[in-house]
Amino acid sequence: AENELRERLLRAAAATLEFDPSEAELETALDEQLQALGAQLAQRSLSLEDYCRFTGESLDELREGMRADARAMLRQKKTVEKIAELEKLEADEASVSAALAEICRENGVTMEQLQPYYDETFAAAVERRVLTNKALELLRGAADVTVREV
């Protein structure tokens, strides 16, 4: 429930941001989403082509169907960057270490097992994760939330 609330708060904050991603940014985000989907499918011994056959879509149709999500993700990313800038948030060493420990726990690996995958791209993703969590904590702290019984 808390994670869902944080996501809703981030979406609400992103909706207030004056930002429209460029076509190049959108294409890069779509590439990343397709790569992530491809990696998830590969874990199940499937390919993007298999997925397209199952859904009856071409790869281009699949890509086009992801456009709205990619645009929303870019708006949320830009929102986090803006909050981090305005609030002077940083991905300090302790926060990065804690995030890496959490990643290891989530994936059932040790730091030593994670090390071969820790490159510049991975480091940037961990930093984004830290900044996103800090921005979400700020949003959550500033939010006036009413819990309703259903």
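Residue positions are counted from 1 within each chain, in the order its sequence is given. Residue-level local features of this predicted model are given only where pLDDT is at least 70; pairs of side-chain atoms are given and counted only at 80 or more, and the full residue set underlies all totals for whole chains, interfaces and linings. Where side-chain values are given, they derive from all heavy atoms of the structure, hydrogens and water being excluded.

Student: Quick question: what am I supposed to make of the overall build of the protein here?
Tutor: The helix and strand labels rest on DSSP assignments: H or I over at least four residues marks a helix, E over at least two residues marks a strand, and numbering proceeds from the N terminus. When its secondary structure is counted, the protein shows eight helices and zero strands. Here the C-alpha coordinates of the protein stretch approximately 45 × 40 × 40 Å along the principal axes. The classification of residues rests on relative accessible area computed with a 1.4 Å probe and restricted to protein chains. Under 20% of the type maximum is buried, over 50% is exposed, and intermediate values are partly exposed. Burial statistics for the protein: of 150 residues in total, 29% are counted as buried. By definition in these notes, contact holds between two residues if any of their heavy atoms fall within 4.5 Å. When contacts within the protein are restricted to residue pairs at least 6 apart in sequence, long-range pairs at least 24 apart make up 73% of them. Here the Shrake-Rupley method, with its probe set to 1.4 Å, supplies the accessible areas, and only the displayed protein chains count as covering residues. Element-wise, carbon and sulfur atoms account for 50% of the exposed surface of the protein, whose accessible area totals about 10,600 Å². Across the protein, 19 positive and 32 negative side-chain charges occur, with their mean positions spaced 4 Å apart. Under this rule, positive means Lys or Arg and negative means Asp or Glu; His and the chain ends count for nothing. In this description, the location of a charge corresponds to atom NZ of lysine, CZ of arginine, CG of aspartate or CD of glutamate.

Student: Whenever I open this one, the packing of helix α1 (residues 2–15) against helix α5 (residues 67–87) confuses me. Can you help?
Tutor: Packed helix pairs are specified by the crossing angle of their axes together with the interaxial distance, meaning the distance between the axes. Relative to each other, α1 and α5 sit at 85°, their axes nearing to 9 Å. Here α5 runs roughly perpendicular to α1, going by the angle between their axes. Within the contact between the two elements, α1 uses Glu-7, Leu-10, Arg-11, Ala-13, Ala-14 and Ala-15 and α5 uses Arg-75, Gln-76, Thr-79 and Val-80. Classifying every residue of the contact of α1 with α5 gives five nonpolar, two polar and three charged. For helices, the axis comes from a line fit to the C-alpha atoms of the stretch in contact; other axes are also lines fit to C-alpha atoms, and the angle between any two N-to-C directions lies between 0 and 180 degrees. Roughly parallel refers to an angle under 35 degrees, roughly antiparallel to one over 145, roughly perpendicular to one between 65 and 115, and oblique to any angle outside these ranges. Nonpolar residues are Ala, Val, Leu, Ile, Met, Phe, Trp, Tyr, Cys and Pro. Charged residues are Asp, Glu, Lys and Arg, and all others, Gly as well, are polar.

Student: How do you make sense of the environment of Ala-99 when you look at a structure like this?
Tutor: Structurally, the position occupied by Ala-99 is in helix α6 (residues 93–107). Looking at Ala-99, the relative accessible area reads 6%, which means it is buried. In the structure, Ala-99 is positioned 27 residues away from Val-126 in sequence and 6.8 Å away in space, judged by C-alpha atoms. What Ala-99 contacts, discounting residues up to four positions off in sequence, is Val-126 and Val-130.

Student: Just checking my understanding: could you explain the nonpolar core for this structure?
Tutor: In summary, soluble globular proteins display a tendency toward joint burial of nonpolar side chains. Counting 14 residues, the largest nonpolar core has Leu-34, Leu-37, Leu-48, Leu-62, Met-66, Ala-70 and Leu-74 as its most contacted members. Every element with two or more residues in this core is listed here: α2 (23–42), α3 (48–55) and α5. Ranked by residue count, the leading element in this core is α2, at six residues. Ignoring anything within four residues of it in the chain, the contact list for Leu-34 reads Leu-48, Leu-59, Leu-62, Arg-63 and Met-66. In terms of nonpolar packing, the next biggest core, distinct from the first, is built from twelve residues, Ala-13, Val-80, Ala-135 and Leu-139 among them. Buried Ala, Val, Leu, Ile, Met, Phe, Trp, Tyr and Cys residues form a nonpolar core when they are joined through side-chain atoms within 4.5 Å.

Student: How do you make sense of α3 when you look at a structure like this?
Tutor: Side chains of residues three or four places apart in an α-helix project in the same direction, reflecting 3.6 residues per turn. Residues of α3 that are buried: Leu-48, Asp-50 and Cys-52. Elements in contact with the buried residues of α3: α2 and α4 (59–65). Following α3 by one or two positions, Gly-56 has its phi on the positive side, about 75°.

Student: Honestly, the pattern of salt bridges in this entry has me stumped. Any pointers?
Tutor: Where charged atoms from two side chains of opposite charge come close, those side chains can pair. A pair is scored as a salt bridge if a Lys or Arg side-chain nitrogen falls within 4 Å of a carboxyl oxygen belonging to Asp or Glu. By the definition in use, this model includes twelve salt bridges. The closest approach of N and O atoms between Arg-63 and Glu-27, which form a salt bridge, is 2.6 Å. You can see Arg-63 sitting in helix α4 and its partner Glu-27 sitting in helix α2, a full 36 residues away along the chain.

Student: Explain helix α8 (residues 120–142) to me, please; I cannot follow it from the model alone.
Tutor: One less than the residue count of a helix, multiplied by 1.5 Å, gives the span that helix is expected to have. For α8, built from 23 residues, the straight-helix expectation of 33 Å at 1.5 Å per residue is met to within 8% by its first-to-last C-alpha distance of 33 Å. Buried residues in α8 make contact with α1, α5 and α6. Throughout this description, a polar contact denotes any pair of N or O atoms lying within 3.5 Å of each other; where both atoms belong to protein, one of them has to be capable of donating a hydrogen while the other can accept it, and for residues adjacent in sequence the pair is counted only when both atoms sit in side chains. At the N-terminal boundary of α8, the capping side chain belongs to Asp-119, with an oxygen 3.2 Å from the backbone nitrogen of Thr-121.

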